[in-house]
Structures are given as C-alpha cells and as structure tokens.
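# Working through the structure, step by step
What follows is each chain in one-letter form.
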Amino acid sequence: MNLKGRSLTTLLDLSDEELLGLLNLADELKIKKRAGVRGELLAGKLIALLFEKSSTRTRCAAIAAAVDEGGSAEYLDVEKTHLGKKESVADTARVLGRMFDGILFRGYKQMTVETLVKYAGIPVWNGLTDDHHPTQILADLMTLRESMGDLAGLKIAYLGDGRNNVASSLMLGCAHAGVNFVNCTPPELAPTPELIKTATAIASRNNCTVSVDADPESGVQGANAVYTDVWISMGEKTSVGARVELLRPYQVNMELMRATGNLETERVILLHCLPAFHDHNTEVTDICGALEVTDEVFESPFSKVFDQAENRVHTTKALMVATMADVDH
Ligand code: CP
Ligand code: NVA
C-alpha cells in the first residue's frame, strides 16, 4: 500500500482496499508495540497537532504513535496561535508546511481542514471536525474486527445524534468495509439524503446496506456492535433539555443490548468513541444520571470502549506511517 503524501479529510479520500490496508497495518503495529519493539518508521518526522477543540484520545494517540516510531509531535492550541485572528488558514498552512512533515487538525469547519490540505503541501489528517471524524472510525473498525473476525457481513447499529461527525464517518467506514450499518435516530437528527446516497453507492459494491431507523428496538436487531456517542457534540449550540428528551429512547441500556438477540451468544459488543456520559462519572451525570449509555452496559464484559481508545494509537500510527514514512507499507 502506498499512501505517501496523501491526506485524510473524510473517509471518501480512501478506497475500500486502502481502508482495509490501514487496518492491517494497524494490526501489525499493535503486535510490534506489544512486543516492546521501538521502531524508526517515523524517524525525523515532526507532526503538528493543530487543535481548536478539546481532546484526550486524539491528541495523546498521535503523540504516542509518533514517538513509538521515532518521530515527534508538537501540540498547538489554536487559541495561542494567530490562526483565524491575524492570519488566514491558507497562510498558516503554508508556514506549517515549511516546518513540519504532517498536520493533525481538530476543529470546527470541514472547510478548514480542506484549506490546510490545499495549501500545506504535506499530509493533513482530520482529527475531528463538526462534520467528520475519520481517524476515529479506523479504530472502531479495528476493534470490531478484533472481537468478531472478518468485517464483511457484520452489522453495526449506531444510536443517538444521527447526523453528527462520528455517525457520518461511521456510515462511510462501514460501507467501505462491507459492514451493514443502521443509524437509529429520530427524524429530527437524521443524516442528509446526500450522505446516505453516497454511502449507499459505496455499500452496494461491498454487498452491505446503509439504513436509518427511528425505532431503536428494530434497528439493533442482529447487531454485532451497538455504538453510541454523546448526545450534544463539542461546539453545538442547542437546548440541552430538548435534546436529552429527544434522545432518551435511544439510550444504550441492557434491554436494548438484549434486543440485538446476540447477547447470549456473545456476538455483540459496545463501542463508544468516548468521552461518555454514563452513571455518575461527571458533574452532569451526577445531576441527571446516565445519558447515552448506562453503567451496566459501559462496565460490562462486552464493552470494548477502552480497547477502542487504545486502538486510536495503532490506527493513527498506521495512517502516519502509510502517508509519511520513507518506505512503502
Ligand atoms: N474519541 C475522541 O476523539 O476522543 P477525544 O475527544 O478525547 O480526542
Ligand atoms: N461527536 C463528539 C465526538 C467526540 C469525540 C463531538 O464532536 O463532541
């Protein structure tokens, strides 16, 4: 696989084979790290982490990934740079492109990451925008494959805000990987017809389906992974009370996990990109209890959320190696 010099703004930037190739490379890199082998695949590579929004996993995974293979990463809090105030995205991109070997961007507008790609002249990876979260989905699919084996023909049911960054990228990722995808969400939060059309075209060549189902019980039937995310995303301006009421029927609890029909045969896992609002883990849930997932499910043996978080390192590293390393992988 040769992705040298390539950027990742959405999962539409990858072919089906390239996405699976990244997952295979991530598996190899995970084995290497577990064996305690330090690599040199990113030796001399300097990565800028240009972040407008908060992050634990994406930021730390990138640092660990770079250092494990001999590279390094510098965190740039956008508030402390000139970006968007005294300097345009295009100018900042051209400056960073002269100093770094790759940029991981996290922020608001999808247009910002696209402008960085246009002007930086080095690989730029989208570490979350309002619209997409492609690097997350690489870790999600890796985790599902570790638990269930071959991805083709499996089913993921996503519950919650059906048009957020994670839901949108997950729909595309599943379509690429041959995983049947059901987005369980109320009509108010349904994904755009354009995105469904695009994902369906990819899914049809991979013998899988993409659908939207407002009924969580029917949506999760036969699911091998139940996936949820926060009900209000970073930077979203909406009424908290109204959103909670709208999404409460989509909470992932034991009853819903049982509705998959796969709990007894251990053919279903919980996935969550994290951070999560489960019982009493934050000031918010101290007041209102669990939101998108209950503790009973979050802390269960079939919850793979911390494997998923760890896999952010291996998949981010695979992306860096594939797009920046001096040798092919
Ligand atoms: N899942 C994820 O992107 O986590 P962070 O917001 O902590 O980076
Ligand atoms: N949809 C969430 C994902 C966090 C990783 C958000 O954008 O806040």
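These lines cover the structure that appears in this document, whether it is placed above or below. (Residues numbered from 1 in each chain as written. Chains lettered and ligands numbered in written order. Predicted model: local features only at pLDDT ≥ 70, side-chain atom pairs only at ≥ 80, totals over all residues. Heavy atoms only, no water.)

A separate point is the overall build of the protein chain. Secondary structure assignment for the protein chain yields 13 helices and nine strands. Relative to a compact globule of 329 residues, whose C-alpha radius of gyration would be 20 Å, the protein chain shows 19 Å and is just as compact. Principal-axis analysis of the C-alpha atoms gives the protein chain an extent of 55 × 40 × 40 Å. Of all 329 residues assigned to the protein chain, the portion counted as buried reaches 56%. Counting contacts in the protein chain only where the partners sit at least 6 residues apart, residues at least 24 apart contribute 76% of the total. Averaging the positions of the 32 positive and the 45 negative side-chain charges in the protein chain gives two centres separated by 6 Å. (Helix = DSSP H or I, 4+ residues; strand = E, 2+ residues; numbered from the N terminus. Rg over C-alpha atoms; globule rule 2.2 N^0.38 Å. Buried < 20%, exposed > 50% of the residue type's maximum accessible area, 1.4 Å probe, protein only. Contact = heavy atoms within 4.5 Å. Lys, Arg positive; Asp, Glu negative; His and termini not counted. Charge placed at Lys NZ, Arg CZ, Asp CG, Glu CD.)

Right, let's talk about the site of ligand 2 for a bit. For ligand 2, the full set of nearby residues is Leu 128, Asn 164, Asn 165, Val 166, Asp 229, Val 230, Ser 233, Met 234 and Leu 274. Here a nitrogen atom of ligand 2 and a side-chain polar atom of Asn 165 are 2.8 Å apart. Here Ser 233 contributes a side-chain N or O atom positioned 2.8 Å from a nitrogen atom of ligand 2. Computed on the free molecule, ligand 2 has an accessible area of 270 Å², of which 94% lies beneath the protein chains in the complex. Of the residues that constitute the shell around ligand 2, the class distribution is five nonpolar, three polar and one charged. (Near = heavy atom within 4 Å. Polar contact = N/O pair within 3.5 Å; in protein donor to acceptor, adjacent residues only side chain to side chain. Areas by Shrake-Rupley, 256 points an atom, 1.4 Å probe, with all protein chains shown as cover. Nonpolar A, V, L, I, M, F, W, Y, C, P; charged D, E, K, R; others polar.)

Turning next to the site of ligand 1. As a structural note, the neighbourhood of ligand 1 is formed by Ser 55, Thr 56, Arg 57, Thr 58, Arg 106, His 133, Gln 136, Cys 273, Leu 274 and Arg 312. Within the side chain of Arg 106, an N or O atom sits 2.8 Å from an oxygen atom of ligand 1. With respect to ligand 1, the backbone of Cys 273 contributes an N or O atom lying 2.8 Å from a nitrogen atom.

Moving on, we come to helix α5 (residues 134-148). If you check α5, its first and last C-alpha atoms are 21 Å apart, about what 15 residues at 1.5 Å a residue would give, namely 21 Å. Among the 15 residues that make up α5, 13 are buried, leaving the element largely enclosed by the rest of the structure. Where α5 terminates, the next one or two residues include Gly 149, which has phi positive at roughly 85 degrees. (Expected span 1.5 Å × (residues − 1).)

Of the voids in this model, the largest pocket is the one considered here, and its volume is about 390 Å³. What lines the largest pocket is a set of 23 residues, among which Arg 106, Leu 128, Met 234, Leu 274 and Pro 275 lie closest to the centre. Secondary-structure elements contributing two or more residues to the lining of the largest pocket are α2 (57-68) and α6 (165-177). Looking at side-chain class alone, the lining of the largest pocket contains 10 nonpolar, nine polar and four charged residues. Looking at the second largest pocket, its volume works out to about 210 Å³. If you trace the second largest pocket, you find it lined by Val 230, Trp 231, Ile 232, Glu 236, Thr 238, Val 240, Val 244, Arg 248, Phe 277, Val 284, Cys 288 and Leu 291. Looking at the lining of the second largest pocket, the elements that each hand over two or more residues are α9 (240-247) and α11 (283-288). Each residue belonging to the lining of the second largest pocket can be placed in one class, and the counts come to nine nonpolar, one polar and two charged. (1 Å grid on protein atoms, 1.4 Å probe; cavity = no way out; pocket = protein on both sides within 12 Å on 5 of 7 lines; lining within 4 Å. Points joined across faces, edges and corners; volume = space filled by probe spheres on them.)

Below, the discussion takes up the nonpolar core. Leu 144, Ile 156, Val 179 and Met 320 are the most contacted members of the largest nonpolar core, which has 60 residues in total. Considering every element that reaches this core, the biggest residue donor is α6, with eight residues. If we skip the residues at most four places from it in the chain, Met 320 touches Leu 42, Ile 47, Ala 62, Ala 65, Ala 66, Trp 125 and Ala 325. Core analysis: the second largest hydrophobic core is formed by 27 residues, Cys 184, Met 254, Met 257 and Phe 302 among them. (Core = buried A, V, L, I, M, F, W, Y, C linked by side-chain atoms within 4.5 Å.)

Let's shift gears to the packing of aromatic side chains. Counted according to the given criterion, the structure contains three aromatic pairs. We note Arg 59 situated over the ring of Tyr 75; from NZ or CZ to the ring centre the distance is 3.4 Å. (Phe/Tyr/Trp six-rings, centres within 6.5 Å; stacked < 30°, edge-to-face > 60°. Lys NZ or Arg CZ within 6 Å of the ring centre and 35° of its normal.)

What follows is about the pattern of salt bridges. Note on pairing: side chains with opposite charge can pair once their charged atoms come close. For the coordinates displayed, the defined rule picks out 19 salt bridges. For the salt bridge of Glu 245 with Arg 248, the shortest nitrogen-to-oxygen distance reads 3.9 Å. (Salt bridge = Lys/Arg side-chain N within 4 Å of Asp/Glu carboxyl O.)

On to the pairing of strand β6 (residues 180-184). β6 sits mainly inside the fold: five of its five residues count as buried. Taking every second residue as pointing to the same face, both faces of β6 are buried, with Asn 180, Val 182 and Cys 184 on one and Phe 181 and Asn 183 on the other. Pairing of strand β5 (residues 155-159) with β6, which is carried by five bridges, proceeds in the parallel orientation. Of the residues in β6, the one forming a bridge with Ile 156 is Phe 181. One crossover worth recording links β5 to the parallel β6 by way of α6, and it is right-handed. (Pairing = 2+ DSSP bridges. Right-handed = clockwise from strand over helix to strand, strands pointing away.)

Spatial ordering of the open sheet is given by β2-β1-β3-β4, a layout of four strands whose pairing is parallel. Edge positions in the open sheet fall to β2 (72-77) and β4 (124-126), since each of these has one partner strand only. Strand-to-strand, the axes of this sheet are offset by a mean angle of 20 degrees, without reference to chain direction. Across the face of the sheet, α2 comes into contact with β1 (46-51), β2 and β3 (102-106) while running at roughly 175 degrees to β1. (Axes fitted to C-alpha atoms, helices over the stretch in contact; angles between N-to-C directions.)

Spatially, the five strands line up as an open sheet ordered β7-β6-β5-β8-β9, and their pairing is parallel. Where the open sheet ends on each side, the last strands, each with one partner, are β7 (210-213) and β9 (269-272). Here the strands of the sheet are splayed against their neighbours by 20 degrees on average, with no regard to which way each runs. When strand β8 (residues 225-228) meets β9, the two strands line up parallel, connected through four bridges. Considered in β9, the bridge of Ala 225 is made with Ile 269. Helix α13 (residues 305-324) rests against β8 and β9 of the sheet, and its axis sits at about 50 degrees to β9.

Note that all results are geometric; they support no functional claim without further evidence.
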